[in-house]
Each structure stands twice: as structure tokens, then as C-alpha cells.
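# Structure at a glance
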Amino acid sequence: MYVRYAEAKSWEIAVLDSNEAELGGFALITFSIKGDNVYSKLKYESGAHRVQRVPRTEASGRIHTSTATVLVMPEADEVDVEIATTDITMDFFRASGAGGQHVNKTESAVRITHIPTGIVVTCQDGRSQHDNKATAMTMLRSKVYEARQKSLDVERGNERRSKIGTGERSEKIRTYNYPQNRVTDHRIGLTIQQLDRIIDGMLDPIITALIDKEQQEKLANG
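Predicted, not measured: the structure shown is a model, and the values here were computed from it.

### Topic: the overall build of the protein chain
On a plain count of helices and strands, the protein chain comes out with five helices and ten strands. Relative to its full complement of 222 residues, the protein chain shows a buried share of 36%. Summarising the internal contacts of the protein chain: among those between residues at least 6 apart in sequence, 48% fall at separations of at least 24. Per element, the accessible surface of the protein chain, about 13400 Å² overall, is 48% carbon and sulfur.

### Thoughts on the packing of aromatic side chains
Inspection of the entire model under this criterion finds one aromatic pair. Residues Tyr 5 and Trp 11 carry aromatic rings whose centres are separated by 5.6 Å and whose planes lie at 85 degrees to one another, so their mutual orientation is edge-to-face. Taken as a pair, Tyr 5 and Trp 11 share a single burial class, namely buried.

### Some remarks on the sheet that holds strand E7 (residues 119–123)
Strand order in the open sheet formed by three strands is E5-E6-E7, and the pairing between neighbours is antiparallel. Two strands close off the open sheet at either side, each with one partner strand: strand E5 (88–93) and E7. Averaged over all adjacent pairs, the angle separating strand axes in this sheet is 15 degrees, with direction ignored. With six bridges connecting them, E5 and strand E6 (residues 109–114) associate as antiparallel partners. Looking across to E6, one finds that Asp 91 is bridged to Arg 111.

### As for the nonpolar core
Nonpolar side chains tend toward joint burial in soluble globular proteins. Counting residues in hydrophobic clusters, the biggest one holds 20 residues, and the most contacted among them are Tyr 5, Trp 11, Ile 33, Leu 42, Val 183, Leu 203 and Ile 206. Discounting residues that sit within four places of it in the chain, Val 183 has contacts with Arg 174, Thr 175, Tyr 176, Leu 190, Thr 191, Ile 192, Leu 195, Ile 198 and Ile 206. Counting residues in hydrophobic clusters, the runner-up holds 15 residues, among them Val 81, Ala 136, Met 137 and Met 139.

### A closer look at the sheet that holds strand E9 (residues 182–185)
Across the sheet, five strands lie side by side as E4-E3-E8-E9-E10; this open sheet has mixed pairing. In the strand order of this sheet, the two ends are held by strand E4 (64–70) and strand E10 (190–192), each with one partner. Averaged over all pairs of adjacent strands, the angle between strand axes in this sheet comes to 15 degrees, irrespective of strand direction. Pairing analysis gives seven bridges linking strand E3 (residues 47–53) to E4, with the strands arranged antiparallel. The residue bridging His 49 from the neighbouring strand is Ala 68, located in E4. Packing of helix H5 (residues 204–220) onto the sheet brings it into contact with strand E8 (172–177), E9 and E10, and relative to E10 it is tilted by some 165 degrees.

### Considerations on unusual backbone geometry
Even without glycine at this site, Asn 37 takes up a positive phi of about 60 degrees. Along the chain, Asn 37 turns up in the loop between strand E2 (26–34) and helix H2 (38–42). Here Asn 37 falls in the exposed class, since its relative accessible area comes to 55%. In this structure, Asn 181 takes a positive phi of about 50 degrees despite not being glycine. Residue class for Asn 181 comes out partly exposed when judged on its relative accessible area of 26%.

Thresholds applied
- Residues numbered from 1 in each chain as written.
- Predicted model: local features only at pLDDT ≥ 70, side-chain atom pairs only at ≥ 80, totals over all residues.
- Heavy atoms only, no water.
- Helix = DSSP H or I, 4+ residues; strand = E, 2+ residues; numbered from the N terminus.
- Buried < 20%, exposed > 50% of the residue type's maximum accessible area, 1.4 Å probe, protein only.
- Contact = heavy atoms within 4.5 Å.
- Areas by Shrake-Rupley, 256 points an atom, 1.4 Å probe, with all protein chains shown as cover.
- Phe/Tyr/Trp six-rings, centres within 6.5 Å; stacked < 30°, edge-to-face > 60°.
- Pairing = 2+ DSSP bridges.
- Axes fitted to C-alpha atoms, helices over the stretch in contact; angles between N-to-C directions.
- Core = buried A, V, L, I, M, F, W, Y, C linked by side-chain atoms within 4.5 Å.

Structure (C-alpha cells):
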């Protein structure tokens, strides 16, 4: 869904790390998207996305519910976050999965641990160890920046974001119901009977509605 949406916007997509699931798809995937107004459009996607469908293996037609967790972060520059080399440990290992035949022959994958926060990032889909190291550092800066911002919010007792898209992983924000071809965004009570089009990347009706709702709340709160 996000890849197709990005392609429609002519945004640039790059997979940074991935872990394929045994039954197909991904157990975990991290990717970057670059282009105009990317974060302003996708920042509302953080949270728990609930999927209701009938698996091919389900003979009785019973609907199964699963959840995909999405976390969207802006890319932090070096000027935003300074990370001392003494604050990190770096491990190299052989990559697995997509990325070319060479990935299993050399220790090109990189894992960086930020000691003060315990944040760990992994990158293995680049063409070389150097590429993966650079990308992993970019990912780490973004995560450290996010952690610091949340810490500041707690200290100040303020909500950094509006009620729409707080970014909490446990927050159920949307349901995709395949049997009824329905998508419901629970934050604004919006239901669209075009799940097939949404999954095909036509997210603008939902994102535009979220932007409008956030602007209305900001105006109402002065």
C-alpha cells in the first residue's frame, strides 16, 4: 500500500532492513521514503493497523484478525543529533534475504547499539558494509531524536502531537476489512467501502481527511 502510494507521488523508496515471514510477506521491514512533503503526508500512519480477512487455509470462512504495527519517523540530520563514537557499539554479520548473491559471502550487515538509550538498529539491504553502516547511523539518529523528543514531552507535561496520530504503537488507528471491502479510520470515524483501491495506494482520501481534522482541532484550540 505504501509503496504504491509513494510511486504515485514519484517518491524514492529504499528498503533498509527486512525479515521475511515463513508464510509470505514480512515479519519486519524498514524502508525510507524521500520526496516532497513525505512526512507531512505519512506522519498519521503510526500506530496499529488491524486487518480482518479470511485466509485461504480457512475452510469454514471464519474471519481472522491480525495486526501490523507502523512507525513513521522523520530523518534526523547530524546537526539535530550528535552521537559520540564512545556511545555506540557496532557489530557486523552476514546478511540474509534480498540484496544480491554477495550478501551471504561477506559480513556486510551492520547492527549498531546506542548504549545510553539501548536503541538498536540493523541494516543489511545495502550493497556494501559501508552503505549499511551509513544507513544504520541515519536510522539511529532518527530513533535517538524521537526518544529525546518524547522525554522532553514527559518533562514538560505536554503532548507534542495532536490527538490524531500520536504515534503510539498500541494505538489502533485503522481497520482493513477484506470481506466487506471496507476501511475504517477510528480516529476520525471515517469509513470507505473501497479497500481494494486503498491497498492499491489510493490513500489520499484518508490522509486528506486526517489533515483537515487536525487543522480543525488546531483552530478550535486557538
